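# Coordinate inspection notes
In case you want the letters, here they are:
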Amino acid sequence: VYWIAMGPFGTFLTDWTNDVLGTAWLVEIPRAALEGWGVNEVVVGLICDGALAGVGAVLGFVPQMLVLFLMLAILEDIGYMARIAFIMDRIFRKFGLSGKSFIPMLVGTGCGVPGVMASRTIENERDRRMTMMLTPFMSCSAKMPVYGLFIAAFFPAYKGLGVFGIYAAGLIVAIVCAMFLKKTVLKGGHAPFVMELPPYRLPTLKTLWRHLYERIKDFAVRAGTILLAASVVIWFLQSFSPGLRMLPPDQTGDSILAAIGKTIAPVFAPLGFGFWQASVALVSGFVAKEAVVGTLTILYLPTGMEMTAVLQEVFATPVAALSFMVFVLLYMPCVAAFSAMRREMNSWKWAIGTVAFQTGVAWVASFIVYQFGTLAFNIAGLF
């Protein structure tokens, strides 16, 4: 499944999309038209370098996302996913989870919001709360553009394996955290596992289309609202100084955004990406995870370089890039998922505590990946 989505077929679709709807069509043609009409340069920058560049950076990864979810929809429509939940119950119980937790986690690979809401099917309050705390560790579709971009830049020969590894890492971290929570804040017993297994059947085009339509609609809504707004805000903060003076492209280091990023960048220095651009990209990810790629694109667009080349230049080593991907995988969910979590838990204390726990786990995991990975590669003489 991951090889089909991220391998030669998925890469072909993404390259085709970028060639047809890439920077030239989505950014440069509108820029030329607006400049030809004599539109103010601030408005041109806002539309082209802010809104269109931010959304366009994510658009190229949509084909890979759709292929991946088409494959998962086929497995679900066949009746296979329910059997996975049944099989996983015996395994999950050893780590403090219910087999029913697998379904919200699986749904969470599409979007964290329905993943959190799917935990309603779990009767036991302890199991339900633990599932909501761990479901955001799954790789939602919004994180796919980040993986696609970084793996293309640093691990191009292992695209399918790389994405599979990231998805597997989220599940492994969730299991480890479940063992920790089972011994600490969420002690207690399990509810009995009862579920109906649907018969095996051939998938129908109507059902598959419904799955894909929901994914397309979800992305279109996010791209047209949250991601668009985030791109505009990031462009404004990056283009103006604290004194609200518009900066030329080569002076973004004096911007409002740079001041914010430089304040929090030291927190990420032990993780291998202690520069302000990475910091503000992660902050924008709280609005929408796709905004991480959109933000990096907006910040580095004035360089005129391909994003893969930019990443290879600003991230010192592939281990630093892997550490960044792990942090994106595990840190706090987007604001929509956080809102759903607070509503389902019916507690601000538990919701905020969950976000703090997830971000702490992300920092520790990235620290381990970067420090031990760098040590291992230094010993091997690769760096």
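Everything in this summary refers to the structure shown in the same document. (Residues numbered from 1 in each chain as written. Predicted model: local features only at pLDDT ≥ 70, side-chain atom pairs only at ≥ 80, totals over all residues. Heavy atoms only, no water.)

## Quick look at the overall build of the chain
- Regarding its fold elements, the chain presents 20 helices and zero strands.
- Since a compact globule built from 383 residues should have a radius of gyration of about 21 Å, the 21 Å found for the chain is in line with a globular shape.
- In terms of overall dimensions, the chain has C-alpha extents of about 65 × 45 × 45 Å along its principal axes.
- By residue count, 52% of the 383 residues in the chain fall in the buried class.
- When contacts within the chain are restricted to residue pairs at least 6 apart in sequence, those whose partners lie at least 24 apart make up 72%. (Helix = DSSP H or I, 4+ residues; strand = E, 2+ residues; numbered from the N terminus. Rg over C-alpha atoms; globule rule 2.2 N^0.38 Å. Buried < 20%, exposed > 50% of the residue type's maximum accessible area, 1.4 Å probe, protein only. Contact = heavy atoms within 4.5 Å.)

## Details of helix α19 (residues 335-345)
- Three or more residues of α19 are buried, namely Ala337, Phe338, Ala340, Met341, Glu344 and Met345. Seen from one end, α19 has its buried residues packed into an arc of 160°, which puts them on one side.
- If you follow the buried residues of α19, they end up packed against α8 (112-117), α9 (125-134) and α20 (348-380).
- The positive-phi residue at the C-terminal boundary of α19 is Asn346, with phi of around 55°. (Arc of directions from axis to C-beta.)

## Overview of the pattern of salt bridges
- All told, the structure shown has three salt bridges when counted by the stated rule.
- Across the pair Arg128 and Glu125 runs a salt bridge, and its minimum N-O distance is 2.9 Å. In this pair, Arg128 and Glu125 are both assigned in helix α9, three residues apart and thus about one turn of the helix distant.
- Arg128 gets classed as buried once you look at its relative accessible area, which sits at 14%.
- For Glu125, a relative accessible area of 39% puts it in the partly exposed group.
- Through salt bridges with shared partners, a single ionic network connects Glu125, Arg128 and Arg129. (Salt bridge = Lys/Arg side-chain N within 4 Å of Asp/Glu carboxyl O.)

## Focus: the packing of aromatic side chains
- Applying the stated criterion across every chain yields a total of 17 aromatic pairs.
- Arranged with centres 5.2 Å apart and planes meeting at 80°, the rings of Phe150 and Phe315 form a pair that is edge-to-face. Taken as a pair, Phe150 in helix α10 (residues 144-154) and Phe315 in the loop between α17 (307-314) and α18 (318-330) lie far apart in primary sequence, 165 residues in all. The same class applies to Phe150 as to Phe315, namely buried.
- Within the aromatic cluster, the residues linked to one another by ring pairs are Phe150, Phe154, Phe155, Phe268, Phe273, Phe275, Phe315, Phe324, Phe327 and Tyr331.
- Its end group placed over the ring of Trp350, Arg129 keeps NZ or CZ at 4.5 Å from the ring centre.
- Against the face of Tyr331 rests Lys289, its NZ or CZ located 4.4 Å from the ring centre. (Phe/Tyr/Trp six-rings, centres within 6.5 Å; stacked < 30°, edge-to-face > 60°. Lys NZ or Arg CZ within 6 Å of the ring centre and 35° of its normal.)

## What to know about the environment of Ala152
- Residue placement: Ala152 occurs in helix α10.
- Ignoring anything within four residues of it in the chain, the contact list for Ala152 reads Tyr147, Lys159 and Thr308.

## A closer look at a nonpolar patch on the surface
- A contiguous nonpolar patch, built from Val364, Ile368, Phe372, Leu375 and Ile379 and spanning about 520 Å² of accessible area, is present on the exposed surface.
- Tracing the backbone through its elements, the reader meets Phe372 in helix α20.
- By relative accessible area, which is 53% here, Phe372 ends up exposed. (Patch = residues over 30% accessible without salt bridge, like charges linked within 9 Å, V, L, I, M, F, W, Y side chains within 5 Å. Areas by Shrake-Rupley, 256 points an atom, 1.4 Å probe, with all protein chains shown as cover.)

## A few points about the nonpolar core
- Core analysis: the biggest nonpolar cluster contains 92 residues, and Leu134, Phe137, Phe150, Phe273 and Phe324 have the highest contact counts within it.
- Per-element tally for this core: the top contributor is α18, with 10 residues.
- Discounting chain neighbours no more than four positions away, the residues touching Phe324 are Val146, Phe150, Phe273, Ala278, Leu282, Val292 and Phe315.
- Ranked by size, the runner-up nonpolar core spans five residues in total, among them Leu34, Val44, Cys48 and Ala53. (Core = buried A, V, L, I, M, F, W, Y, C linked by side-chain atoms within 4.5 Å.)

## Here we look at the packing of α19 against α20
- Taken N-terminus to C-terminus, the directions of α19 and α20 make an angle of 135°; their axes are 8 Å apart at the nearest point. Comparing the axis directions of α19 and α20 gives the class oblique. The handedness of the crossing between α19 and α20 is right-handed. Between α19, through Phe338, Met341, Arg342 and Met345, and α20, the contact on the second element is made entirely by Trp348, Trp350, Ala351, Ile352, Thr354, Val355 and Gln358.
- When its residues are assigned to classes, the contact of α19 with α20 shows eight nonpolar, two polar and one charged. (Axes fitted to C-alpha atoms, helices over the stretch in contact; angles between N-to-C directions. Parallel < 35°, antiparallel > 145°, perpendicular 65-115°, else oblique. Left-handed = near helix turned anticlockwise from the far one by under 90°. Nonpolar A, V, L, I, M, F, W, Y, C, P; charged D, E, K, R; others polar.)

## Examining the environment of Met71
- Tracing the chain through its elements places Met71 in helix α5 (residues 62-78).
- A relative accessible area of 18% places Met71 in the buried class.
- Considered as a pair, Met71 and Tyr2 are 69 residues apart in the sequence and their alpha carbons are 8.9 Å apart.
- Setting aside anything within four residues of it in sequence, one finds Met71 in contact with Val1 and Ile4.

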